Amino acid sequence: MRILVLGSGAREHAIVTALLSENAGHDITIAPGNAGIGLDVPAVALDATDAELVTEYAIDNDIELVVIGPEAPLVAGVADALRYRGIAVFGPGRAAAQLEGSKTFAKRIMDAAGVPTGRAHRAETLEDAIAALDEFGAPYVVKADGLAAGKGVLVTSDRDAAVEHATFWLASGGVLVEEFLEGREVSLFLLSDGHDVAPLSPAQDFKRLLDGDEGPNTGGMGAYSPLPWLPEGFVQEVVDTIAVPTIRQLEHEQTPFIGLLYCGLILTPGGIRVIEFNARFGDPETQVVLPRLTTPLSTLLYAAATGTLEEAPTPEFSSGAAVTVVLASEGYPAESATGRVIEGLDEALRVPGVTIAHAATQIVGNDLVSSGGRVLSVVARGADVAEARARAYEAVGMISLEGVQFRTDIAANV
Ligand code: AMP
Ligand code: GLY
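The following paragraphs examine the structure supplied in this document. (Residues numbered from 1 in each chain as written. Chains lettered and ligands numbered in written order. Predicted model: local features only at pLDDT ≥ 70, side-chain atom pairs only at ≥ 80, totals over all residues. Heavy atoms only, no water.)

**Observations regarding the overall build of the protein chain**
As a reminder, the rule being used: Numbering of helices and strands starts at the N terminus; helices are DSSP runs of H or I of at least 4 residues and strands are runs of E of at least 2. Each radius of gyration reported is based on C-alpha atoms, and the globular scaling rule is 2.2 Å times the count of residues to the power 0.38. Here the term buried applies to any residue with accessible area under 20% of the maximum for its type, exposed to any over 50%, and partly exposed to those in between, with areas from a 1.4 Å probe on protein chains only. Here, two residues are considered to be in contact whenever any of their heavy atoms come within 4.5 Å of each other. For the accessible areas, the method is Shrake-Rupley and the probe is 1.4 Å, while residue cover comes only from the protein chains on display. A positive count includes Lys and Arg, and a negative count includes Asp and Glu. His and the chain ends are not counted in either. By convention, the charge on Lys lies at NZ, on Arg at CZ, on Asp at CG and on Glu at CD.
Along the protein chain, the regular secondary structure elements total 14 helices and 23 strands. The globule rule puts the C-alpha radius of gyration for 414 residues at 22 Å, and the 20 Å found for the protein chain is close to it. When its C-alpha atoms are laid out on the principal axes, the protein chain stretches across 55 × 45 × 40 Å. In the protein chain, which comprises 414 residues, the share counted as buried stands at 55%. Sequence-distant contacts in the protein chain: of pairs separated by 6 or more residues, those separated by 24 or more amount to 68%. For the protein chain, the exposed area adds up to about 16700 Å²; of that, 49% sits on carbon and sulfur atoms. Across the protein chain, the 27 positively charged side chains and the 56 negatively charged ones have centroids separated by 2 Å.

**Notes on the pairing of strand β17 (residues 321-328)**
Which entries qualify depends on this criterion: Paired strands are those between which DSSP finds at least two bridges.
Judged by how many residues are buried, β17 sits mostly within the fold: eight of eight residues are covered. Where burial is concerned, the two faces of β17 agree: the one with Ala321, Val323, Val325 and Leu327 and the one with Ala322, Thr324, Val326 and Ala328 are both buried. Across four bridges, strand β14 (residues 222-225) lies against β17 in antiparallel orientation. Within β17, the residue paired with Gly222 across the bridge is Val325. Two strands pair when backbone bridges link them, and β17 and strand β22 (residues 374-382) are joined in this way by eight bridges, in the antiparallel orientation.

**Some points on the nonpolar core**
Note the following rule: Nonpolar core, defined: a set of buried Ala, Val, Leu, Ile, Met, Phe, Trp, Tyr and Cys residues in which side-chain atoms within 4.5 Å join the residues together.
Residues Leu6, Val66, Leu99, Ile242, Leu265 and Ile399 are the most contacted members of the largest nonpolar core, which totals 75 residues. Top element by residues in this core is helix α10 (residues 234-252). It accounts for seven residues. Contacts of Leu265, omitting those with residues within four sequence positions, involve Arg184, Glu185, Val186, Leu188, Phe234, Val238, Ile242, Ile272, Arg273, Val274 and Ile275. Residues Ile3, Ala18, Ile28 and Leu65 belong to the second largest nonpolar core, which totals 36 residues.

**Regarding the site of ligand 2**
Selection rule: Distances are taken per atom, and a residue is near a molecule or strand as soon as one of its heavy atoms is within 4 Å of it. Here a polar contact is taken to be a pair of N or O atoms separated by no more than 3.5 Å, where protein atoms must pair a possible hydrogen donor with a possible acceptor and residues adjacent in sequence count only if both atoms sit in side chains.
Close to ligand 2 lie Asp205, Lys207, Gly219, Tyr262, Asn278, Arg280, Gly282, Asp283, Pro284 and Glu285, which account for all nearby residues. Here an oxygen atom of ligand 2 and a side-chain polar atom of Asn278 are 3.4 Å apart. Between Glu285 and ligand 2, the recorded distance is 2.8 Å, taken from a side-chain N or O atom to a nitrogen atom. About the coverage of ligand 2: the protein hides 89% of its 200 Å² of free accessible area.

**Remarks on helix α7 (residues 103-113)**
Listed in full, the buried residues belonging to α7 are Lys103, Phe105, Ala106, Lys107, Ile109 and Met110. Check the buried side of α7 and you find it contacts α6 (94-101), β5 (120-123), β6 (140-144), β8 (175-178), α10 and β16 (271-278). Immediately downstream of α7, the backbone of Gly114 shows phi near 70 degrees, a positive value.

**Re the sheet that holds strand β15 (residues 258-268)**
Applicable threshold: Working convention: axes come from line fits to C-alpha atoms, limited for helices to the stretch in contact. Angles between N-to-C directions cover 0 to 180 degrees.
If you trace the four strands from one edge of the open sheet to the other, you get β10-β9-β15-β16, paired in antiparallel fashion. Since the sheet does not close on itself, it has two edges, and those belong to β10 (197-199) and β16, each with one partner. The average undirected angle you get between the axes of adjacent strands in this sheet is 35 degrees. Bridge analysis of β15 against β16 gives seven bridges, and the strand direction is antiparallel. Opposite Tyr262, over in β16, you have Asn278 as the bridge partner.

**Looking at the packing of aromatic side chains**
Applicable threshold: Ring pairs shown here join Phe, Tyr and Trp side chains whose ring centres sit within 6.5 Å, with only the six-membered ring taken for Trp; geometry is labelled stacked below 30 degrees between planes, edge-to-face above 60, and tilted in between.
Considering all chains together, one arrives at five aromatic pairs under this definition. Ring centres 5.2 Å apart and planes at 40 degrees place the aromatic pair Phe189 and Tyr262 in the tilted group. Pair noted here: Phe189 is in strand β9 (residues 184-193) and Tyr262 is in strand β15, with a separation of 73 residues, a long-range link. Here the two residues Phe189 and Tyr262 agree in accessibility, since each one is buried. Taking the centre distance of 6.0 Å and the plane angle of 85 degrees together, the rings of Phe189 and Phe281 count as edge-to-face.

**Structural notes on the pattern of salt bridges**
For the record, the criterion: Whenever Lys or Arg places a side-chain nitrogen within 4 Å of a carboxyl oxygen from Asp or Glu, that contact is recorded as a salt bridge.
Under the definition given, this model contains 21 salt bridges. With a closest N to O distance of 3.8 Å, Lys207 and Asp205 form a salt bridge. On the basis of relative accessibility, which here comes to 11%, the residue Asp205 falls in the buried class. As a salt-bridge pair, Asp283 and Arg374 come within 3.8 Å of each other at their nearest N and O atoms. Remark: Arg374 occurs in strand β22 and Asp283 occurs in the loop between β16 and α11 (285-289); sequence separation between them is 91 residues. A residue is classified by how much of its surface remains accessible, and Asp283, at 14% relative accessible area, is buried. Among the charged side chains, a salt-bridge network with shared partners connects Glu71, Glu100 and Arg280.

Set out below in structure tokens:
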């Protein structure tokens, strides 16, 4: 199949790696990609958020399937433009992508579909926000109502910090004050063709920068899959009580969701609750979910894109585990140092079960250098989480990058 993957992070590298691992002779292109992905498949310098350019490229190159990695092209309407021209695309249109882009939209859909989630209040004024903070009480949860690149959410027991966060985001679009939900977090991805869904394997993400879940929120510092501690029947419960009702509500509203429904969940003592939806594969969870997938990814994505998920094979996963540790630049997530030389990847790749997904790398002269915040995802597979974790950290120890930041407790004590 001729496949175009849009995006430039480790998630997209993991998608490309999974497609290549089918050994099906696919003709895969990445746009715009990065240095690491470009070593595996051709990269074209295309602005992935430019609907017209992407569509033109897809038509000119007889692309049969477009896979959209990040949220920005979704919000920019790239999927709509491709679909309008009859090109199969894995990724929701602009309207359905609001499930991620607008927390107010997501809450309304969940309400209408009867999906369990925390109580939330959209504040219009600071007085309104403060009243909601005091009503829900500490710890406080304050969220920007829109795409904020992972920086919009503050969970704190410091009321002054909560008020300050609300003040900042009120000035730039809107604020949601939420009830704090207590419990373990799970990311569950489901493929959707607009009507049916097919769940992938659950994963856990580590969102805080520092060990012990300290420090600021980030895009994600590591992940593992599967989650041996999940109660039996968890995935089916999410399908029945969360994913199907949500997808059917969107279908009913004539904004069908075709693509990846990312359910950010929390297992509270009172049951499973949705913290957030995303409209795309998660990063870094994708790096641990896809290596375990034994069903051809292209078959699944194409079936979702063409409304034929019901006839497609059920996604199956290997019994082993995968762990990923993210290597981030000095200064991330505030301001990331770039242009630092990365060494040791060849040695790291010799550790059994290890692959490396590039997130922000560039080739300058003869050097591979960092070019953003999250630089690499070191991924390891193993018979169980402990083995995968040991291999991932062995590989991490072989990579040098000045000022590198990574967590040492990813998938510890599972
Ligand atoms: P979000 O961007 O909505 O996923 O939020 C980022 C992180 O903040 C989540 O992964 C949670 O760890 C935390 N968080 C968000 N909302 C809540 C909530 N209502 N209760 C507790 N923690 C939350
Ligand atoms: N890992 C969190 C996200 O992709 O949003």
